[in-house]
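Remarks on the overall topology
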Amino acid sequence: MSERQKYPKMLIWLVATLIVLAAFAAFVVHQANLSRSNISVWGELPDFRFTAAHNGEPFGLEQMKGKLAVVNFIFTRCKRASPIMTTNFAELYKLYKNSDKILLVSITVDPEHDSLPVLREYARANGVTDDRWVFLWAPTEEVVRLCEQGFMLPADNLPLGHTTKFTLVDGDGMIRSYHEGLDRDGMILLKNNIRQLAGAL
Amino acid sequence: MKVFRRFAIFTTAATYFLIFLGGLVRVSGAGLGCPDWPKCFGRWFPPISYRHLPPEYDPNLFNITLAWIEFSYRLVGLLVGFLIAVLAVWAIARYRHTPKILLPSIIAALLVAFQGWQGGQVVLSDLAPFLVSVHLIIAFIIASLMVYIAQQAYYLEYRDTEKEAVYPGWIRNATRLLWLLVIGQVIFGTRMREALSLKIEQFPLASGAEIIAQIGFIKYLHPLLGTAIVILTLIISYSILKKSRTPSPLAWQTAWTLVGLALLQIVFGIVMSFFGLPDVIQTLHLWIAGLTSGMVLIALAAVTRQKER
């Protein structure tokens, strides 16, 4: 080993390794992106016209177009599922505070009690300060129709029997995915899908 | 001795490969490919189809590609942990009177066990950016320990290495400074990644360049310090290659490698800031940072060796 090596073989080996690893990394990243890109289309959301609590004006599919919307069904008197779902929505509301392309929609399943002022107070209590998170009101039979025929989710025995799923609707009004609104796994996947679909807006 | 040295070098290479895979898991977004830990979807081997998922898991969460990327990474991690454990047992059995090999071997074995558990916490925290950084820093410490062990094993075998070498006197302190700067730079790099990943969550619609524009002063600090490191690396390497009398082959090789890595790192840094953080370049950038810290350590041990004897 006393004789000095004439060429930097350590560097050459490392660069060769680097090239192999770069090719390998490109392959793995490509496969991972492919595996995520196919978020299926479950159906098209039909047109609807509810009332937005924050301004009392009509709010429907037209207002959702061009934005990624996450929709849930809640009621303010609920003691079990709704508070958790609202906490998760509040987390999303905070997370996406810089993106006006992401819309949160909470539809009340208890229109008898949840009047527009009640919904406004509920929104305020949950830190809502702008229209990135809207609360919608409609008569029970319209809510049931939209939930069952539009979102294809169960709506028996309202208000208690409301669904706990979050529905992700893309900018064209297509239903892209359903997520369990009560657990961590559902939220992880929802955020992933939002990031994937946001690229297409 | 020869077998131990070779095993130490192999384990070091395996550790660096694992660090590369870790970076790859992150950029491919497979960190939560298995949402639980240590099992994957409640099983020791990831399911091959969503039909095999235990009922408590949301089938939407299952992505076979991501699950297997994450699972393979854990498997290689287990293997590297096993190699380091063997190295420590070997050191205790044969080199208990050589503290320069014994101590780092034991510390590395303890750290790698901790690292396995800490990796689980990273998954369970939904990849909290700070915990990701801790995971990376521990990995770099383990890799540095492995480099040190391999180098000391080499010196045990070739006792006369550096005997004839005469380096400029100031180079020891300069290399110490370089090592500190590299450590600082790695920490800044992880802070930068933390800031970026928080912003990417908040701005799902923004491009890489827009995201970089959003983060604070660190986006200037990291490249500035990087430039300083490259200049210092070039000076030290030039002195080892041209201004020293009979530098050892190890020091000579290390100096050339450091020059190459420094230039590559600058190129990758520029590519990342102008082309929106390409995934593959991010992985390589991180990996070369790990290699650089190991190489600086070799250079440091080489230029200080003579004085110690």
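Residues numbered from 1 in each chain as written. Chains lettered and ligands numbered in written order. Predicted model: local features only at pLDDT ≥ 70, side-chain atom pairs only at ≥ 80, totals over all residues.

1. Some words on the overall build of chain B
The helix and strand tally for chain B stands at 9 helices and 0 strands. A globule of 309 residues ought to have a C-alpha radius of gyration of about 19 Å, and chain B, at 21 Å, matches this closely. With the principal axes as the frame, chain B shows a C-alpha extent of 70 × 50 × 25 Å. Taking all 309 residues of chain B together, 41% fall into the buried category. (Helix = DSSP H or I, 4+ residues; strand = E, 2+ residues; numbered from the N terminus. Rg over C-alpha atoms; globule rule 2.2 N^0.38 Å. Buried ≥ 20, exposed ≤ 12 C-beta atoms within 10 Å, placed from the backbone.)

2. Looking at the interface of chain B and chain A
Chain B puts 33 residues into the contact, and the matching count from chain A is 37 residues. For the side of chain B that touches chain A, the secondary structure elements donating two or more residues are α1 (2-27), α2 (64-94), α5 (171-202), α8 (249-274) and α9 (279-308) of chain B. A total of 6 residues in the side of chain B that touches chain A trace back to one element, the largest contributor, which is α8(B). Of the residues contributing to the side of chain B that touches chain A, the split by class is 19 nonpolar, 10 polar and 4 charged. (Contact = placed C-beta atoms within 7 Å. Nonpolar A, V, L, I, M, F, W, Y, C, P; charged D, E, K, R; others polar.)

3. Considering the packing of α5(B) against helix α7 (residues 218-242) of chain B
Residue and element names in this part refer to chain B. It is the contact of α5 with α7, at a shortest axis distance of 9 Å, that shows an interaxial angle of 155°. The orientation of α5 with respect to α7, classified from their angle, is roughly antiparallel. Crossing geometry of α5 relative to α7 is assigned as left-handed. Tallied by class, residues from the contact of α5 with α7 come to 15 nonpolar, 8 polar and 2 charged. (Axes fitted to C-alpha atoms, helices over the stretch in contact; angles between N-to-C directions. Parallel < 35°, antiparallel > 145°, perpendicular 65-115°, else oblique. Left-handed = near helix turned anticlockwise from the far one by under 90°.)

4. Notes on the domain arrangement of chain B
Residues and elements named next belong to chain B. Its domain assignment divides chain B into domain 1 (1-159) and domain 2 (163-309). Computed over C-alpha atoms only, the centres of domain 1 and domain 2 are separated by 23 Å. For the side of domain 1 that touches domain 2, the element with the highest residue contribution is helix α4 (residues 129-157), accounting for 12 residues. Residues that form the side of domain 1 that touches domain 2 fall into these classes: 14 nonpolar, 4 polar and no charged. (Domains from an automatic or database assignment.)

5. Brief notes about the sheet that holds strand β4 (residues 68-74) of chain A
Residue and element names in this part refer to chain A. Strand order across the open sheet formed by 8 strands is β1-β8-β7-β4-β5-β6-β2-β3, with mixed pairing between neighbours. The open sheet terminates on both sides in strands that have one partner only, identified here as β1 (43-44) and β3 (58-60). Note: strand β7 (residues 165-169) against strand β8 (residues 174-180), 5 bridges, orientation antiparallel. What sits directly across from Lys 165, in β8, is Glu 180. Across the face of the sheet, helix α4 (residues 116-125) comes into contact with β2 (49-52), β5 (102-108) and β6 (133-137) while running at roughly 160° to β6. (Pairing = 2+ DSSP bridges.)

6. Details of the environment of Leu225(B)
Residue and element names in this part refer to chain B. Inspection of the secondary structure assignment puts Leu 225 in helix α7. Exposure remark for Leu 225: the 16 C-beta atoms within 10 Å place this residue in the partly exposed category. Residues Leu 225 and Leu 181, 44 residues apart in the sequence, show an inter-C-alpha distance of 7.7 Å. Among residues more than four places away in sequence, those in contact with Leu 225 are Leu 181, Gly 184, Gln 185 and Phe 188.

7. Thoughts on the environment of Val122(B)
Mapped onto the fold, Val122(B) is located in helix α3 (residues 99-124). With 23 C-beta atoms counted inside 10 Å, the residue Val122(B) sits in the buried group.

8. As for α8(B)
A rise of 1.5 Å per residue sets the reference length of α8(B), with its 26 residues, at 38 Å; its end C-alpha atoms lie 38 Å apart and thus fit the reference within 8%. Looking one or two places after α8(B), you find Gly276(B), whose phi comes out positive at around 65°. (Expected span 1.5 Å × (residues − 1).)

9. Description of the pairing of β5(A)
Residue and element names in this part refer to chain A. Counting buried positions along β5 gives 7 out of 7 residues, so the element sits mostly inside the fold. By the alternation rule, side chains of β5 split into Ile 102, Leu 104, Ser 106 and Thr 108 and Leu 103, Val 105 and Ile 107, which are all buried. Pairing analysis gives 7 bridges linking β4 to β5, with the strands arranged parallel. Bridged to Val 70 within β5 is Leu 104. At this point the chain moves from β4, through helix α3 (residues 81-95), to the parallel β5, and the crossover so formed is right-handed. One ladder, built from 4 bridges, connects β5 with β6; its direction is parallel. Note that in β6 the partner of Leu 104 across the bridge is Trp 133. Viewed along the sheet, the connection from β5 through α4 into β6 turns out right-handed. (Right-handed = clockwise from strand over helix to strand, strands pointing away.)

10. Brief notes about the pairing of β6(A)
All names here are of chain A. The element β6 is largely enclosed, with a buried count of 5 among its 5 residues. Where burial is concerned, the two faces of β6 agree: the one with Trp 133, Phe 135 and Trp 137 and the one with Val 134 and Leu 136 are both buried. Of the pairings in the sheet, the one linking β2 to β6 comprises 2 bridges and is antiparallel in character. When the sheet's bridge partners are listed, Ala 52 is paired in β6 with Leu 136.

11. Describing the nonpolar core
Membership of the largest hydrophobic core comes to 130 residues, with the highest contact counts inside it found for Val105(A), Leu136(A) and Ala299(B). With 15 residues, α9(B) is the single largest residue contributor to this core. Residue contributions to this core reach at least three from each of two domains, namely domain 1 (1-159) and domain 2 (163-309) of chain B. Apart from the residues lying within four places of it in its own chain, the contact partners of Leu136(A) are Phe50(A), Thr51(A), Ala52(A), Phe59(A), Val105(A) and Ile107(A). (Core = buried A, V, L, I, M, F, W, Y, C linked by C-beta atoms within 7 Å.)

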